[in-house]
Amino acid sequence: MNLTKQKRYINKKYLAAARNQSCTARLKGCSYNNETTVACHSPFAKSGIGQKASDTEIAFLDDHCHSVLDRRIPSEYTREELKAEFKSARKLTHIKLNELGLMKKSEIGVIK
Ligand SMILES: [Zn+2]
């Protein structure tokens with residue numbers, strides 16, 4: 001038994017719903033290419049070391065914005081700006097999940 005690991009919320013439907021959605025971050029340089037959109041876990045969420053964030057801590061992002069937010073490619077955004085961008089992208093993603101009937105209105109913005 002492992003008591004050190006916190007349970008993370010898992011919902012594969014949230015992740016699958018990203019397919020062909022538009023990017024919710026639309027940072028400078030965004031490809032606006034829905035075909036590259038995936039559900040990206042927050043690089044800012046508080047989780048255990050080496051542990052992925054819960055599936056509520058996601059944003060639908062195209063390949064470019066995903067790379068910028070994960071800092072795999074350089075950008076002019078500061079860490080704080082990226083954090084704010086991710087937060088609003090996450091909100092839009094939750095609203096989208098609600099529209100798709102996968103998330104209750106009362107769950108929008110809630111961390112599980
Ligand atoms: Zn984008």
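Described below are features of the structure shown in this document. The structure displayed is predicted, hence computed values, not measured ones.

**Quick word on the overall build of the protein**
And step 1. Counting secondary structure elements, the protein contains 3 helices and 2 strands.
And step 2. Listed N to C, the secondary structure of the protein is α-β-β-α-α in terms of helices and strands.
And step 3. Dimensions of the protein, computed from the C-alpha atoms along their principal axes, are close to 45 × 30 × 20 Å.
And step 4. Within the protein, the proportion of its 112 residues that are buried is 29%.
And step 5. If you take every contact in the protein between residues at least 6 apart in sequence, the share linking residues at least 24 apart comes to 65%.

**A closer look at the pairing of strand β2 (residues 58-61)**
And step 1. Residue alternation in β2 divides its side chains into two sets, Ile-58 and Phe-60 and Ala-59 and Leu-61, and both sets are buried.
And step 2. Inspection of the sheet shows strand β1 (residues 38-41) paired to β2 by 4 bridges, in the antiparallel sense. Each bridged residue has a counterpart across the sheet, and for Ala-39 the counterpart in β2 is Phe-60.

Procedures and definitions
Residues numbered from 1 in each chain as written. Predicted model: local features only at pLDDT ≥ 70, side-chain atom pairs only at ≥ 80, totals over all residues. Helix = DSSP H or I, 4+ residues; strand = E, 2+ residues; numbered from the N terminus. Buried ≥ 20, exposed ≤ 12 C-beta atoms within 10 Å, placed from the backbone. Contact = placed C-beta atoms within 7 Å. Pairing = 2+ DSSP bridges.

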